[in-house]
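Listed below, chain by chain, are the residues.
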Amino acid sequence: MEAVLQTRCLLSLPPNPTRVRVRSLLNPSQGLKQRLFASKPLGLSGLSLSYKEVPSFVAKPNGLPPKGKNFICKAEAAAATDGQPLFGETQKPKFLGIELVTLKKIIPLGLMFFCILFNYTILRDTKDVLVVTAKGSSAEIIPFLKTWVNLPMAIGFMLLYTKLANVLSKKALFYTVIVPFIAFFGAFGFMLYPLSNYIHPEALADKLLAVLGPRFLGPLAILRIWSFCLFCHLSASLYIHEIFSAEITTVDEAKRFYPLFGLGANIALIFSGRTVKYFSNLRKNLGPGVDGWAISLKGMMSIVVLMGLAICFLYWWVNKFVPLPTRSMKKKEKPKMGTMESLKFLVSSKYIRDLATLVVAYGISINLVEVTWKSKLKAQFPSPNEYSSFMGDFSTATGIATFTMMLLSQFIFDKYGWGAAARITPTVLLLTGVGFFSLILFGDPLGPTLAKFGMTPLLAAVYVGAMQNIFSKSAKYSLFDPCKEMAYIPLDEDTKVKGKAAIDVVCNPLGKSGGALIQQFMILTFGSLASSTPYLGGILLVIVLAWLAAAKSLDTQFTALRQEEELEKEMERAAIKIPVVSETRNGTFAGGSLLNQSAGDSTGSTSKTSTPSNN
């Protein structure tokens, strides 16, 4: 990498240099720049002097060039490939090729990602155990919980966060957000859960259920186990790493190290899965009459609190000992698009419409299968400890699969292209979804065959559903998300910005809540989740087929835009010609050869370098 000392001067040099090349930069926003690159370093270490003639373009009566010529000179210091420091500047200490200042930021940030995702996995597995296996509840509570608890509370939290951000400093805001989380989870394990029999209105819920009927089991369970539902929402809202990472890293550091954080996140998933399984199996070593799940919950919440305190310490340490990057006061505002405006924009663009279909279809599909699977999981593992132990294995397998898929994703993109990568996620969902619903609907005839492998149709459905969730989530993180972001690249800036805004306003909420709304309608219509399973399977099939069709259509458009972009670049390269002007001995200028130059080429041609003589 070349570093240029900003030292410029005017010199009077011999009037007849043999050859001068004049190069015009083609970027109009940068103007005309004259650069010289010395062929050999002279004088001070890495320092050389070079000159370039700037001829006058005012015509003289006799046709001769002007008598006086000005030459621009500049001192250039090339940073050597062996890490030689700039002239007058000390080299920053490095370790393994990375500056120590950068390591002081990246290592704590990586540890923080690990701690938060470790906690998030424990909390995610625990919330499923709490709300699904609780007395008077089932997996039917999940769609109602997402719509009537998570969504309103998420909106309220964001409004509160926005208000706090306007009155608190960044550090105060961080502690204000994370400390209540830590306190709640610690209090839940040691206070709220042991007192749940006293604070939950089970008698009132039973009376309402007797009046309204069993189809209202899901919504009434929210009232019955309100503290578990609060735990469920807060465990899904732990996104402190997004606040922290945006503060301490530059864009270049993020591009370089965030892929490594993604791999580290899945390592955290593996370790947290093992932790959940360890505490869930403590029940086997306890005596009769002991609430094994309460003991397991205390152990896991203790780890969550310790990890939370570690996050606070890392944040304090970085703010105390690491120089943070300065931020520009000018903020780039995103276009504010309302729901109707977003819908109009989605309808007007086929490309954005297909991309929106991908986002909505994933959110609905994963919810349709996940809730049905968890209902079968409870039937197979009714005990909280058994359910939690299985979820520990599930999280570990998800981490391993995602880690492997992230390593393979680059090969898939390079070998098979964007279209194949975009179709892998819906294909996985389709194949595993068909197998899962087939085992539920037609499991009895397969019973004798499955018995030979030591499985019942229910256990087989649980395993196939687990495979569906594992592979679909790993494909989503490693392929679907990158494909979605890559699809924006060839668009013009206006379409890109408005398309993202429209998808954020309409498609993300619709994808997250669409599956829950469909399930609520089915449960209230047919009486239970089990009765609506055939219809859910049919809806899943239609949605995934629409997803595959949109991915195929988007692939055609994406490829055409990319080819058009490459063609434009080739035409620019072919059309650009830079003249080389030489000066003869008698002082006249003659046209030289034409050089084809790329508009983005920053190296240019090397000009004649003057070697000062020591007389």
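Residues numbered from 1 in each chain as written. Predicted model: local features only at pLDDT ≥ 70, side-chain atom pairs only at ≥ 80, totals over all residues. Heavy atoms only, no water.

**Let's talk about the overall build of the chain**
Right, so step 1: Per the secondary structure count, the chain includes 17 helices and 7 strands.
Right, so step 2: Burial status across the chain gives 42% buried among its 615 residues.
Right, so step 3: Put simply, of all contacts in the chain between residues at least 6 apart along the chain, 79% involve residues at least 24 apart. (Helix = DSSP H or I, 4+ residues; strand = E, 2+ residues; numbered from the N terminus. Buried < 20%, exposed > 50% of the residue type's maximum accessible area, 1.4 Å probe, protein only. Contact = heavy atoms within 4.5 Å.)

**So, the pattern of salt bridges**
Right, so step 1: Across all of its chains, the model carries 12 salt bridges by this definition.
Right, so step 2: When the shortest N-O distance is used, the salt bridge between Asp128 and Lys127 registers 3.3 Å.
Right, so step 3: On the basis of relative accessibility, which here comes to 4%, the residue Asp128 falls in the buried class.
Right, so step 4: Residue Asp393 pairs with Arg274 through a salt bridge whose shortest N-O separation is 2.4 Å. Of this pair, Asp393 sits in helix α13 (residues 384-441) while Arg274 sits in helix α9 (residues 251-280); the two residues are 119 residues apart in sequence, bridging distant segments of the chain.
Right, so step 5: With relative accessibility at 38%, the residue Arg274 sits in the partly exposed group.
Right, so step 6: Salt bridges sharing partners connect three or more residues here, namely Lys127, Asp128, Glu370, Lys374 and Lys473. (Salt bridge = Lys/Arg side-chain N within 4 Å of Asp/Glu carboxyl O.)

**Thoughts on the packing of aromatic side chains**
Given two aromatic rings, their pairing is described by the distance between the two centres and the angle made by the two planes.
Right, so step 1: Throughout the structure, instances matching the rule amount to 29 aromatic pairs.
Right, so step 2: Relative to Tyr416, the ring of Phe411 lies with its centre 6.3 Å away and its plane at 90 degrees, an arrangement referred to as edge-to-face.
Right, so step 3: Given a relative accessible area of 49%, Phe411 falls into the partly exposed group.
Right, so step 4: Residue classification places Tyr416 among the exposed positions, given a relative accessible area of 54%.
Right, so step 5: Here the aromatic rings of Phe480 and Trp547 are separated by 5.8 Å at their centres, their planes lie at 80 degrees, and the arrangement is edge-to-face. You can see Phe480 sitting in helix α15 (residues 457-487) and its partner Trp547 sitting in helix α17 (residues 533-575), a full 67 residues away along the chain.
Right, so step 6: Of the aromatic side chains, those joined through ring pairs into one cluster are Phe181, Phe184, Phe185, Phe188, Tyr193, Phe228 and Phe231.
Right, so step 7: Its guanidinium or amino end placed over the ring of Tyr488, Lys500 lies 5.0 Å from that ring's centre, counting from NZ or CZ. (Phe/Tyr/Trp six-rings, centres within 6.5 Å; stacked < 30°, edge-to-face > 60°. Lys NZ or Arg CZ within 6 Å of the ring centre and 35° of its normal.)

**Comments concerning α13**
Right, so step 1: For α13, which comprises 58 residues, the first-to-last C-alpha distance of 26 Å sits more than 12% below the rise-based estimate of 86 Å (1.5 Å per residue).
Right, so step 2: Of all the bends in α13, the greatest measures close to 120 degrees and is centred on Tyr416. (Expected span 1.5 Å × (residues − 1). Bend = angle between axes of the 7 residues up to and from the residue.)

**Considering the packing of helix α2 (residues 141-167) against helix α12 (residues 350-380)**
Right, so step 1: Where α2 contacts α12, the axes come no closer than 9 Å and their chain directions differ by 130 degrees. When the axes of α2 and α12 are compared, the pair comes out oblique. Touching Ile142, Pro143 and Lys146 of α2 are Asn367, Glu370, Val371 and Lys374, all from α12.
Right, so step 2: A breakdown of the residues in the contact of α2 with α12 according to their chemical character gives 3 nonpolar, 1 polar and 3 charged. (Axes fitted to C-alpha atoms, helices over the stretch in contact; angles between N-to-C directions. Parallel < 35°, antiparallel > 145°, perpendicular 65-115°, else oblique. Nonpolar A, V, L, I, M, F, W, Y, C, P; charged D, E, K, R; others polar.)

**Side note on the confidence of the model for the chain**
Right, so step 1: A residue-level look at the chain finds 70% of positions with pLDDT of 70 or above and a mean pLDDT of 76.
Right, so step 2: Predicted confidence is poor over residues 239-246, with pLDDT under 50, and the contacts of this stretch with residues over four places away or in other chains come to 20 contacts.
Right, so step 3: Confidence drops under pLDDT 50 across residues 589-615; counting only partners more than four residues distant or on other chains, this segment forms 59 contacts. (pLDDT = per-residue confidence, 0-100.)

**Details of the side chain of Ser138**
Right, so step 1: Its place among the elements puts Ser138 in the loop between α1 (100-133) and α2.
Right, so step 2: Ser138 sits in the buried class, given a relative accessible area of 16%.
Right, so step 3: In contact with Ser138, other than residues within four places in its own chain, are Val131, Val132, Leu217 and Lys378.

**Points about the environment of Leu220**
Right, so step 1: Within the fold, Leu220 resides in helix α6 (residues 217-224).
Right, so step 2: Relative accessible area serves as the criterion here: at 11%, Leu220 is assigned to the buried category.
Right, so step 3: As for Leu220 and Phe144, which are separated by 76 residues in sequence, their C-alpha atoms are 9.5 Å apart.
Right, so step 4: Leaving out residues up to four positions away in the same chain, Leu220 has contacts with Ala205, Leu208, Leu209 and Leu212.

**As for a nonpolar patch on the surface**
Right, so step 1: Residues Leu204, Leu208, Val211, Leu212 and Leu223 make up a contiguous nonpolar surface patch of about 420 Å² in total accessible area.
Right, so step 2: Residue contributions to the nonpolar patch peak at 4 residues, all from helix α5 (residues 202-212).
Right, so step 3: Along the chain, Leu204 turns up in helix α5.
Right, so step 4: Accessibility expressed as a relative area gives 44% for Leu204, which makes it partly exposed. (Patch = residues over 30% accessible without salt bridge, like charges linked within 9 Å, V, L, I, M, F, W, Y side chains within 5 Å. Areas by Shrake-Rupley, 256 points an atom, 1.4 Å probe, with all protein chains shown as cover.)

**Considering α2**
Right, so step 1: Between its terminal C-alpha atoms α2 stretches 38 Å, which fits the 39 Å expected from 27 residues at 1.5 Å a residue.
Right, so step 2: Most pronounced at Asn150, the bend in α2 amounts to some 30 degrees, and the proline Pro152 follows within four residues.
Right, so step 3: Every buried residue belonging to α2 is among Ile141, Ile142, Pro143, Phe144, Leu145, Thr147, Val149 and Asn150, and all of these are buried.

**What to know about the environment of Ser474**
Right, so step 1: Checked against the element boundaries, Ser474 lands in helix α15.
Right, so step 2: Judged by its relative accessible area of 1%, Ser474 is buried.
Right, so step 3: With 69 residues separating them in the primary sequence, Ser474 and Met405 have C-alpha atoms 6.5 Å apart.
Right, so step 4: Not counting residues within four places of it along the chain, the set of residues in contact with Ser474 comprises Ala401, Thr402 and Met405.
Right, so step 5: A polar contact of 3.0 Å, which involves the side chain of Ser474, links it to the backbone oxygen of Phe471. (Polar contact = N/O pair within 3.5 Å; in protein donor to acceptor, adjacent residues only side chain to side chain.)

**Considering the environment of Tyr477**
Right, so step 1: Relative to the helices and strands, Tyr477 resides in helix α15.
Right, so step 2: With relative accessibility at 38%, the residue Tyr477 sits in the partly exposed group.
Right, so step 3: Once the C-alpha coordinates of Tyr477 and Ser409 are considered, the two residues, 68 residues apart in sequence, prove to be 10.0 Å apart.
Right, so step 4: Excluding anything up to four places from it in sequence, Tyr477 contacts Thr402, Met406 and Pro482.

**Description of the nonpolar core**
Right, so step 1: Of all hydrophobic cores here, the largest spans 112 residues; its most connected members are Phe185, Met301 and Trp373.
Right, so step 2: Domain assignment of the residues forming this core places at least three in each of domain 1 (96-323) and domain 2 (337-568).
Right, so step 3: With residues near it in sequence (within four places) discarded, Phe185 still touches Leu123, Phe231, Leu234, Ser235, Met301 and Val304. (Core = buried A, V, L, I, M, F, W, Y, C linked by side-chain atoms within 4.5 Å. Domains from an automatic or database assignment.)

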